[in-house]
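# Reading the structure
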Amino acid sequence: MATDYDAPRKTDDEISADSIEELKARRADKSSGVVDEDETEAAEGFELPGADLSGEELSVRVLPPQQDEFTCMSCFLVHHRSQLAEFRGEDPICSECAA
């Protein structure tokens, strides 16, 4: 059972004040655990695949390839020249893909 260590702790007097009848009544009350949640409000945070994003603008600055970089033709990631392991034909391969 999870314990909330930030919750205020009960004193011995409060623990003894919880009678057996009160605890049984809480246990019998099945509706106390039900959460009333608005489904439409919960669904607003989800974005479906294929949604219309035509009004969105890309705000990322794209840099051209630098002289000390290469694109691995196996994983298609841009790496620094120090990670160049080999050439397969004319295609550069990084050290991670070559291993």
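The paragraphs below set out a description of the structure included in this document. Keep in mind that this is a model prediction, so the values were computed, not measured.

## So, the side chain of H79
You can see H79 is positioned in strand β2 (residues 78-80). There is a polar contact of 2.6 Å between the side chain of H79 and the side chain of Q83. Apart from the residues within four sequence positions on either side, H79 is in contact with D68, E69, F70, C72 and C94.

## A few points about the pairing of strand β4 (residues 91-94)
Bridge analysis of strand β3 (residues 84-88) against β4 gives four bridges, and the strand direction is antiparallel. What sits directly across from F87, in β4, is P92. What sits between β3 and β4 in their antiparallel hairpin is a turn of two residues, with G89 showing a positive phi close to 70°.

## A word on the environment of H79
Exposure remark for H79: the relative accessible area of 9% places this residue in the buried category. Taking the C-alpha atoms as reference points, H79 and S95, 16 residues apart in sequence, are found 9.7 Å from one another.

The rules behind the values
Residues numbered from 1 in each chain as written. Predicted model: local features only at pLDDT ≥ 70, side-chain atom pairs only at ≥ 80, totals over all residues. Heavy atoms only, no water. Helix = DSSP H or I, 4+ residues; strand = E, 2+ residues; numbered from the N terminus. Polar contact = N/O pair within 3.5 Å; in protein donor to acceptor, adjacent residues only side chain to side chain. Contact = heavy atoms within 4.5 Å. Pairing = 2+ DSSP bridges. Buried < 20%, exposed > 50% of the residue type's maximum accessible area, 1.4 Å probe, protein only.

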